[in-house]
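# Examination of the molecular architecture
Here is how the chains run, residue by residue.
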Amino acid sequence: MRKFLLAFLLLFFAIKSEAQYNTLLIPDTLSGTTFNLVAKDTIKQFFPGNQTVTAGINGNWWGPTMIFNKGDVVHINLTNKLQDSTTMHWHGMHLPAVMDGGPHQIIPPSTVWQPYWQVTNNAGFYWFHPHLHEMTEEQVNSGLGGLIIVRDAVESALPLPRKYGIDDIPLALTDRKFDASNQLVLDAPYGDSMMVNGTLRAQYNVPAQVVRLRILNGATERSYNLGFSDNRTFYVITTDGGLLNAPVPVTRYLLSSGERIEVLVSFNGQTGQSVNLMAYNSTLPAVIPGGDIFPQGTPFYNYLARKDFNILKLNVTAQTSNPITSIPSTLTTNVFPSEGSVNATRVVTLSDTTIGGPGAGPTFILNHKFFQFNYNDYNVPLNNTEIWQLTSTSTFSHPFHIHDVEFHILTRNGAAPPSYEAGWKDVVLVKPGETVRFITKFDDYADSLHPFMFHCHIALHEDLGMMGQFVVKNPSVGIVEGSTPVQQHAMYSIYPNPAYNKLFFNDGGTNNGIYYVRITNTLGKTMYMLPKPELQNGIDISGLPVGVYFAQVIFDKTFETQTLRFIKK
Ligand code: C2O
Ligand code: CU
Ligand code: CU
């Protein structure tokens, strides 16, 4: 009788847990060259009972997937409808620093920020997320972020799956902590609940053919040691910055915060079967984020610590028409900068250092100093090819990330990186005692005012100051350091004034160019932030309420400012 009861209970729970799977949500796509994103506070029903207060972009969690074509100029209209200021960073994109959305491009509430840039990145999988200093963890945890897919001619010519949501499936992996009233614990570095695209206990149908999974580690701290429940081989085809030369077969892949891979998985002939994408984190040592175990009741305690857990259940269904059924043998031919062309080597140390008075404990920092908002760590001459040598004396592992560029890992502790890491990268996990050397070139974008960041991608570490910044300088333009800026007269005028829908600028024939226009109302509230506006088309002010405004103009090169008053009719 007892045995019977036990069997019954097991069956009951098996059925119940089956029923508990939720269909994976696939983010909507946006394509074209103009992208409207609205970040706002909202609510989402994660659990029965109380709704959860969240933030989302064009929705109630996370955001749409933006599809860019290499070569296009993409224009973003980011409206901040959050209660708080934010920034939006295009992680992995090569673009001008003033468009980068780092901690310096703060977007106040009810402000529209309009960055734009030409997409020069290789086809690959990128993402965007808030980067407000000391608030990144909280704002990312609240649900803000989104994916970017870049397409190009090289990738398009390959026989790869690319039916979005069918055989080409985006997976934004995160974990979150909820409190007893179903609210997100925004300052929790680790969550108790695994989430894919905002879906808890996700399952999804995949066709019986080769399927491409685009996987982002969007967690604020945890690394995921990815693998399948039947230990099948999967093929890594991209790293952070695009295609590898050839697919690399693996059975595990340790993906750290901020990193992306695209993998091919064959479900040929497996109709009716199921397999789980898992995090095999029980094998992680305590020095890898997610392998560390904390006592219950402490802020870092979490249910998933050093455990194997399910990420996504995949149910194999019928083949689609024109299926991809084989793994290509080659993908591309990457050309990395050569060591012979290196102009500078920079040594960055990652350490646990005690700074501050009595009672202060060691914190994770770079180069033995905390991030300072107005301190520039490096001046990088435009077109420099550099080796960055990351040396860790820290007791913990840190996913190091740099803005502006994709890099190529030369060595890990003196040895060539594994082939699945030998492509273009923008995040690299640096383990205790390790020295990682990468090579990169800082081309195209110089700006002596706005810096790019480098930091640990664990949001808490970054927020606490494990970050630095550098400016890319074009030695042949702009102010020479130490010299007096050339006096340039404020020459701009605005027309028409009053204006209706468009505002034009007359530069009085000086041809200076404008670096930035910020439009404020009479209370000083920022309404529009326009980095390097394309003035020939005028500035669209149709969204402004009728009234008096000020346009603060910052000139190119000299960064001299001029404020112009206008009336919106
Ligand atoms: Cu994904 Cu500086 O960040
Ligand atoms: Cu970034
Ligand atoms: Cu760190």
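Rules used throughout
Residues numbered from 1 in each chain as written. Chains lettered and ligands numbered in written order. Predicted model: local features only at pLDDT ≥ 70, side-chain atom pairs only at ≥ 80, totals over all residues. Heavy atoms only, no water. pLDDT = per-residue confidence, 0-100. Contact = heavy atoms within 4.5 Å. Donors = N, O, S within 2.8 Å, 3.2 Å for Na, K, Ca; no water. Helix = DSSP H or I, 4+ residues; strand = E, 2+ residues; numbered from the N terminus. Buried < 20%, exposed > 50% of the residue type's maximum accessible area, 1.4 Å probe, protein only. Domains from an automatic or database assignment. Buried area = accessible area lost by both parts, 1.4 Å probe. Salt bridge = Lys/Arg side-chain N within 4 Å of Asp/Glu carboxyl O. Nonpolar A, V, L, I, M, F, W, Y, C, P; charged D, E, K, R; others polar.

Turning our attention to the confidence of the model for the chain. Looking at the chain as a whole, its pLDDT mean stands at 93, while 94% of the residues score no less than 70. Within the model, the stretch residues 11-18 combines pLDDT values under 50 with one contact to residues more than four positions away or in other chains. Scored below 50 in pLDDT, residues 479-483 shows five contacts in the model against residues more than four places distant or in partner chains.

The next subject is the coordination of the copper ion (ligand 2). For the copper ion (ligand 2), the full set of protein donor atoms is H89 (NE2) and H401 (NE2), and the range of their distances to it is 1.9 Å. Pair noted here: H89 is in strand β7 (residues 89-91) and H401 is in strand β28 (residues 398-402), with a separation of 312 residues, a long-range link. H401 matches H89 in its accessibility class, with the two residues each being buried.

Checked against the element boundaries, Q203 lands in strand β15 (residues 202-207). With a relative accessible area of 18%, Q203 lands in the buried category. Taking C-alpha positions, Q203 is 56 Å from N512, a pair spaced 309 residues apart along the chain. Those residues in contact with Q203, other than ones at most four positions away along the chain, are Y21, N22, T23, L24, L312, K313 and N315.

Another aspect to go through is the domain arrangement of the chain. As assigned here, the chain comprises domain 1 (29-317), domain 2 (339-473) and domain 3 (493-568). In this structure, domain 1 and domain 2 have C-alpha centres spaced 22 Å apart. With 52 residues of domain 1 at the contact, the number on the domain 2 side is 41 residues. Carbon and sulfur atoms supply 59% of the area buried between domain 1 and domain 2, which totals about 3,600 Å² over both sides. If you sort the residues of domain 1 by the area they bury against domain 2, H94, H104 and H133 come out on top, with a joint share of 17%. Joining domain 1 to domain 2, the criterion identifies three salt bridges. The residue K425 makes a salt bridge to E259 at a minimum N-O spacing of 2.6 Å. Sorting the residues of the side of domain 1 that touches domain 2 by element identifies β7, β10 (124-129), α2 (136-141), β18 (234-239), β19 (242-250) and β20 (253-255) as the ones contributing at least two each. Among the elements that line the side of domain 1 that touches domain 2, the one with the most residues is β19, at four residues. Looking at the side of domain 1 that touches domain 2 residue by residue, the classes come out as 24 nonpolar, 20 polar and eight charged.

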